[in-house]
Amino acid sequence: MAEKANEAKTDFLSRMSHDIRTPMNVIVGMASVARFVLQSEVKGTANLQCDEKTGNYAKLLNCLEKIEMSSAFLLSLINDILDMSKIESGKMKIANREMNLKDAIRNIKVMIEAQAEERRQTFLVSVAPEVGEFYYCDSLRLNQVLLNLVGNAVRFTEKGGKVVITVAEKPGAVAGSANFEFCVEDTGIGMSQEFVKHIFEPFERENTTTLSGIAGTGLGMAITKNIVDMMNGAIEVKSKKGEGTKITVT
């Protein structure tokens, strides 16, 4: 009965998430279009002496930006639930295709750099010289893992802090394979040793993060761990409260 109840829950979450994702994509898209049209209107009235009108435009733009931000967060929550449902039902698969690893790292740097600059953080990316370009790998899932880890590092590091990504190729790989080590280190708020023991459990969040108002679902690290396991890898977390966190994915 417990197994059937769990299967029913997983199936329900999966179906519900699929149904919610479609209108959420429409909301995100329409908000973006509305903001673009409104910005064009503001530019068109820039030379007019109409303070009240332009003031209302500014308020509307602010509202649309908040709608986009909240919608994007809700969409990421839905995607996390879908991924967790796939993992629990065994439907998530690894699809190895040729990818450019250096391009993937560059793309992550571009995506995260703006967030780090906004928080006045030092953001560094170091790729060892022995790392080549083309490999067979599931680039989508690798990006998902790295973006989650780096995104967390930026979110849980205070203004003026430091986030560093290092990528290196390690010896000892079997013939025809490569053994990589991705390390994400920050000078953020850190975690208690007790919480580190439970970090890969679904919906787990430390009290300090919920009290500080940092948004999150508690699913990101559980999904990350499952993807790393499916890619025959390992993940290690070292953290100290008030000093920062270092996560190493092999």
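Located above this text is the structure these notes cover.
Reference entry: report on the structure contained in this document. (Residues numbered from 1 in each chain as written. Predicted model: local features only at pLDDT ≥ 70, side-chain atom pairs only at ≥ 80, totals over all residues. Heavy atoms only, no water.)

Structural notes on the overall build of the protein
And step 1. Helix and strand counts for the protein come out as seven helices and seven strands.
And step 2. Written out in order from the N terminus, the α and β elements of the protein read α-α-β-α-β-β-α-β-β-α-α-α-β-β.
And step 3. Sorting the 250 residues of the protein into buried and exposed places 35% on the buried side.
And step 4. At a minimum sequence separation of 6, the contacts of the protein that also span at least 24 residues come to 71%.
And step 5. Summed over its atoms, the accessible surface of the protein is roughly 15,200 Å², and 55% of this surface lies on carbon and sulfur atoms. (Helix = DSSP H or I, 4+ residues; strand = E, 2+ residues; numbered from the N terminus. Buried < 20%, exposed > 50% of the residue type's maximum accessible area, 1.4 Å probe, protein only. Contact = heavy atoms within 4.5 Å. Areas by Shrake-Rupley, 256 points an atom, 1.4 Å probe, with all protein chains shown as cover.)

Comments concerning the nonpolar core
And step 1. Counting 44 residues, the largest nonpolar core has Leu101, Leu149 and Phe182 as the members making the most contacts within it.
And step 2. Not counting the four nearest positions on each side in its chain, leucine 101 is found in contact with Val131, Gly132, Glu133, Tyr135, Leu142, Phe180 and Phe182. (Core = buried A, V, L, I, M, F, W, Y, C linked by side-chain atoms within 4.5 Å.)

Remarks on the side chain of asparagine 152
And step 1. Residue placement: asparagine 152 occurs in helix α4 (residues 139–155).
And step 2. According to the relative accessible area criterion, asparagine 152 is buried, its value standing at 16%.
And step 3. Reaching out from asparagine 152, the side chain makes a polar contact with the side chain of arginine 155 at a distance of 2.7 Å. (Polar contact = N/O pair within 3.5 Å; in protein donor to acceptor, adjacent residues only side chain to side chain.)

Quick notes on the pattern of salt bridges
Pairing is possible between side chains that carry opposite charge, provided their charged atoms lie close to one another.
And step 1. All chains considered together, the criterion is met by six salt bridges.
And step 2. Between arginine 35 and glutamate 68 there is a salt bridge whose closest N-O contact spans 2.4 Å. Taken as a pair, arginine 35 in helix α1 (residues 2–44) and glutamate 68 in helix α2 (residues 51–89) lie far apart in primary sequence, 33 residues in all.
And step 3. Relative accessible area serves as the criterion here: at 16%, glutamate 68 is assigned to the buried category.
And step 4. Ionic pairing is found between lysine 197 and glutamate 194, a salt bridge with its closest N-O pair at 3.5 Å.
And step 5. Given the relative accessible area of 47%, glutamate 194 is considered partly exposed. (Salt bridge = Lys/Arg side-chain N within 4 Å of Asp/Glu carboxyl O.)

A few points about the side chain of aspartate 186
And step 1. Within the secondary structure, aspartate 186 is located in strand β5 (residues 179–186).
And step 2. Buried and without a salt bridge, aspartate 186 has arginine 119 as its closest oppositely charged side chain, separated by 10 Å.
And step 3. Setting aside chain neighbours within four positions, we find aspartate 186 in contact with Ala153, Thr157, Lys162, Val163, Glu243, Gly244 and Thr245. (Lys, Arg positive; Asp, Glu negative; His and termini not counted.)

Here we look at helix α3 (residues 101–118)
And step 1. With 18 residues, α3 should reach 26 Å at 1.5 Å per residue; the first-to-last C-alpha distance of 27 Å fits that figure.
And step 2. Approximately 35° is the largest bend angle found in α3, and it occurs at isoleucine 112.
And step 3. Those residues of α3 that fall on the buried side of the exposure criterion are Leu101, Ala104, Ile105, Ile108, Ile112 and Ala116.
And step 4. Against the buried residues of α3 lie β1 (97–100), β2 (122–127), β3 (134–137), α4, β4 (162–170) and β5.
And step 5. You can read the cap of α3 off the contacts: a side-chain oxygen lies 3.1 Å from the backbone nitrogen of lysine 102, and it is on asparagine 100.
And step 6. Two residues or fewer after α3 comes arginine 120, characterised by a positive phi angle close to 55°. (Expected span 1.5 Å × (residues − 1). Bend = angle between axes of the 7 residues up to and from the residue.)

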